[in-house]
Amino acid sequence: MDEGFSPSKIRSIVNAVRVLWRDFDLLTDSDNQLLADPTRGLRLPSGGGRHERIADPAEARHLIDALKPGDRALWATAMYAGLRHGELRALQVRDVDLQRCRILVRRGWDEYEGEIDPKSESGIRPAVITEPLRRILAQHLKRTGRKDRDLVFGRTPTRPFNGRTISKRAHDAWAVARQREDQENSRPPAERIRPIGLQECRHSAVSQMLDAGIPIDKVSKFIGHASITITIDRYGHLLPGGETEAQALLDSYHSRY
């Protein structure tokens, strides 16, 4: 996010404009409006394949522990519950139920419009609070003293956090941790800390849910996709069970005949 929109985000925006333009009536010079489709001939960026950064539970814990205490809950909620950037900005204390171990996601935050409703009904959903996340959130809420309609992660109880600011603080903390690991040679190079973005934290949360064996239809519900088709298209390559498992199941099936 610090370097601008992702290729998939750019494609989504341009495709939406194309749909709007397609529905316009033919324009004439007298309308004093554009005559040509501004999206025609645009070369959209490639998605670059499915090589998103994913942190497993051990790496997630390593990344969160390296942060300053005031930043841990935000990144842990992205990493373990898979909330989107706007959902994290709009999250209120009353939406966090530590007793039932769930977050009720019911709003987002737009940079220009402020608090907004989800784009679809599926955007209003429960998200699971894992035990590591429950401990971190409990400490965060106790430390901040926020309650009811206060923003959980806001700069103030009513003003949301700035994405660039929290990303810079996190990257600075990870850079210090990496420098220390390099100097002390305390971990193998492959296990030393690497920065991660909030969207990649969401990928990591989905990966962890699937790896834990949660059915994909439940995962789709927890992360707020409009349909399970979107989840399969986006994360189907992470589903457990490949050719070897399929072969074993089919061999077992055929052996009964």
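Chains are numbered independently. Their residues run from 1 in the order of the written sequence. Residues qualify for local features only when their pLDDT is at least 70, as the model is predicted, and side-chain atom pairs are given and counted only at 80 or more; totals for whole chains, interfaces and linings, by contrast, use all residues. Side-chain numbers here rest on the full set of heavy atoms in the structure, without hydrogens or water.

## A word on the nonpolar core
Part 1 of the reasoning: Working definition of a nonpolar core: buried Ala, Val, Leu, Ile, Met, Phe, Trp, Tyr and Cys residues. They are joined through side-chain atoms within 4.5 Å. Residue burial is assigned from relative accessible area. The probe radius is 1.4 Å, only protein chains are included, and a residue is buried under 20% of its type maximum, exposed over 50%, and partly exposed in between. Residues Trp75, Ile103 and Phe153 are the most contacted members of the largest nonpolar core, which totals 38 residues.
Part 2 of the reasoning: The numbering of helices and of strands both runs from the N terminus, where a helix is a DSSP run of H or I of at least 4 residues and a strand a run of E of at least 2. Secondary structure elements with two or more residues in this core: helix H2 (57–65), helix H3 (69–81), strand S2 (102–105), helix H5 (131–144), helix H6 (163–184) and helix H7 (198–211).
Part 3 of the reasoning: Tallying contributions element by element places H3 first for this core, with 8 residues.
Part 4 of the reasoning: Those residues in contact with Phe153 that lie beyond four places of it in its chain are Ala73, Leu74, Thr77, Leu88, Leu91, Leu137, His140, Arg146 and Phe161. By the convention used here, residues are in contact when the closest approach between their heavy atoms is within 4.5 Å.

## A look at the packing of aromatic side chains
Part 1 of the reasoning: Aromatic pairing here means that ring centres of Phe, Tyr or Trp (its six-membered ring) are within 6.5 Å. Orientation follows from the plane angle: under 30 degrees is stacked, over 60 is edge-to-face, and everything else is tilted. For the structure on display, the rule yields 1 aromatic pair.
Part 2 of the reasoning: With centroids separated by 5.2 Å and ring planes inclined at 75 degrees, the aromatic side chains of Trp75 and Trp174 adopt a geometry described as edge-to-face. One end of the pair, Trp75, is in helix H3; the other, Trp174, is in helix H6, and 99 residues separate them in sequence.
Part 3 of the reasoning: Overall, the relative accessible area of 1% leaves Trp75 in the buried class.
Part 4 of the reasoning: For Trp174, a relative accessible area of 2% gives the class buried.
Part 5 of the reasoning: Our definition puts a charge over a ring when NZ of Lys or CZ of Arg is within 6 Å of the ring centre and also within 35 degrees of the ring normal. The residue whose ring lies beneath Arg234 is Tyr235, and the NZ or CZ to ring-centre distance is 5.3 Å.

## Digging into the side chain of Glu87
Part 1 of the reasoning: Among the secondary structure elements, Glu87 is positioned in helix H4 (residues 85–90).
Part 2 of the reasoning: Apart from the residues within four sequence positions on either side, Glu87 is in contact with Val105, Arg107, Gly108 and Arg125.

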